[in-house]
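Residue-level structural notes
Take a look at the letters that make up each chain.
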Amino acid sequence: MLKLLNDFFEELILGLLILSIFIIVSISRTIMKLTDNLVNKYGYDKIIHFLCGTTAVALTAKHGIVVMLIMTVIVFVLSVWKEYHKDDYIDWKDIGAGMLGCAIAFVIGLI
C-alpha cells in the first residue's frame, strides 16, 4: 500500500512539474510578445527613458516626497542633457517618457 502511494505521488509530482514548465513557457512567450509590441510601438529609447525614470524615483521612495521630487528634477535634467549632447535631434517624447516613469513611481511611492 505504501509503495502504491509513493508511486502515485511521484507521478503526481512529475505531472505538476511538466505542467509548471508548460505554464512558464507560455508566460515567457506572452511577455516576449508584449515586450516586442512595446518596442515596436514606442522604440527602445523611450522605453529606456521610462525605465530609468521609474527606477530612479522608485529607489528614492523610502526617503520621502522631497527626495523623490529632487530625483525627478535630476532625471529631467539628465534626460535633457542626454537629448542635447548624445542624440542627433532632441526628441521631447523621450524626455516625456522619462517623466512619465517618474510620475508613476512617485504615485506608487506615495501609497
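The following refers to the structure shown. Not measured: the values here are computed from a predicted model. (Residues numbered from 1 in each chain as written. Predicted model: local features only at pLDDT ≥ 70, side-chain atom pairs only at ≥ 80, totals over all residues. Heavy atoms only, no water.)

What follows covers the overall build of the chain. Tallying secondary structure elements over the chain gives 4 helices and 0 strands in all. Ordered by position in the sequence, the α and β elements of the chain form the string α-α-α-α. Relative to the compact-globule value of 13 Å for 111 residues, the chain shows a C-alpha radius of gyration of 23 Å, a clear excess of over 25%. Dimensions along the principal axes, computed over C-alpha positions, put the chain at roughly 75 × 35 × 20 Å. Across the 111 residues that make up the chain, the buried fraction comes to 20%. Contacts spanning at least 24 positions in sequence make up 61% of the contacts within the chain whose residues lie at least 6 apart. Accessible surface computed for the chain: about 8,600 Å², of which carbon and sulfur atoms make up 75%. (Helix = DSSP H or I, 4+ residues; strand = E, 2+ residues; numbered from the N terminus. Rg over C-alpha atoms; globule rule 2.2 N^0.38 Å. Buried < 20%, exposed > 50% of the residue type's maximum accessible area, 1.4 Å probe, protein only. Contact = heavy atoms within 4.5 Å. Areas by Shrake-Rupley, 256 points an atom, 1.4 Å probe, with all protein chains shown as cover.)

For the coordinates displayed, the defined rule picks out 0 disulfides. Take Cys52: it sits in no disulfide, and the sulfur closest to it among the cysteines is that of Cys102, at 9.7 Å. Among the residues examined, Cys52 registers a relative accessible area of 48% and is labelled partly exposed. (Disulfide = S-S within 2.5 Å.)

Further remarks concern the packing of helix 2 (residues 44-59) against helix 4 (residues 92-110). Running from N to C, helix 2 and helix 4 point in directions that differ by 30°, and their axes come no closer than 7 Å. Our classification of the angle between helix 2 and helix 4 gives roughly parallel. By crossing handedness, the relation of helix 2 to helix 4 is classed as right-handed. Counted together, Asp45, Lys46, His49, Phe50, Gly53, Thr54, Val57 and Ala58 of helix 2 and Lys93, Asp94, Ala97, Gly98, Leu100, Gly101, Cys102, Ile104, Ala105 and Phe106 of helix 4 form the full contact between these two elements. Split into classes, the residues belonging to the contact of helix 2 with helix 4 amount to 9 nonpolar, 5 polar and 4 charged. (Axes fitted to C-alpha atoms, helices over the stretch in contact; angles between N-to-C directions. Parallel < 35°, antiparallel > 145°, perpendicular 65-115°, else oblique. Left-handed = near helix turned anticlockwise from the far one by under 90°. Nonpolar A, V, L, I, M, F, W, Y, C, P; charged D, E, K, R; others polar.)

With that settled, consider helix 2. With 16 residues, helix 2 extends 22 Å from end C-alpha to end C-alpha; this agrees with the ideal 22 Å at 1.5 Å per step. Buried within helix 2 we find Lys46, His49, Gly53, Ala56 and Val57. Viewed along the axis of helix 2, the buried residues span an arc of 105°, placing them on a single side of the element. Along helix 2, exposed side chains directed more than 90 degrees from the buried face belong to Tyr44 and Leu59. (Expected span 1.5 Å × (residues − 1). Arc of directions from axis to C-beta.)

A separate point is the environment of Tyr84. Structurally, the position occupied by Tyr84 is in helix 3 (residues 65-86). What Tyr84 contacts, discounting residues up to four positions off in sequence, is Ile90 and Trp92.

Here we take up the pattern of salt bridges. Where side chains of opposite charge bring their charged atoms close, a pairing between them can arise. According to the stated counting rule, one finds 5 salt bridges in the structure shown. We note a salt bridge from Asp45 to Lys82, for which the minimum N-O separation is 3.0 Å. Taken together, the residues span a long stretch of sequence, with Asp45 in helix 2 and Lys82 in helix 3 at a distance of 37 residues. Here Lys46 makes a salt bridge to Asp91, at a shortest N to O gap of 2.9 Å. Here Asp91 lies in the loop between helix 3 and helix 4 and Lys46 lies in helix 2, a separation of 45 residues in the sequence. One network of salt bridges, with partners in common, ties together Asp45, Lys82, Glu83 and Asp87. (Salt bridge = Lys/Arg side-chain N within 4 Å of Asp/Glu carboxyl O.)

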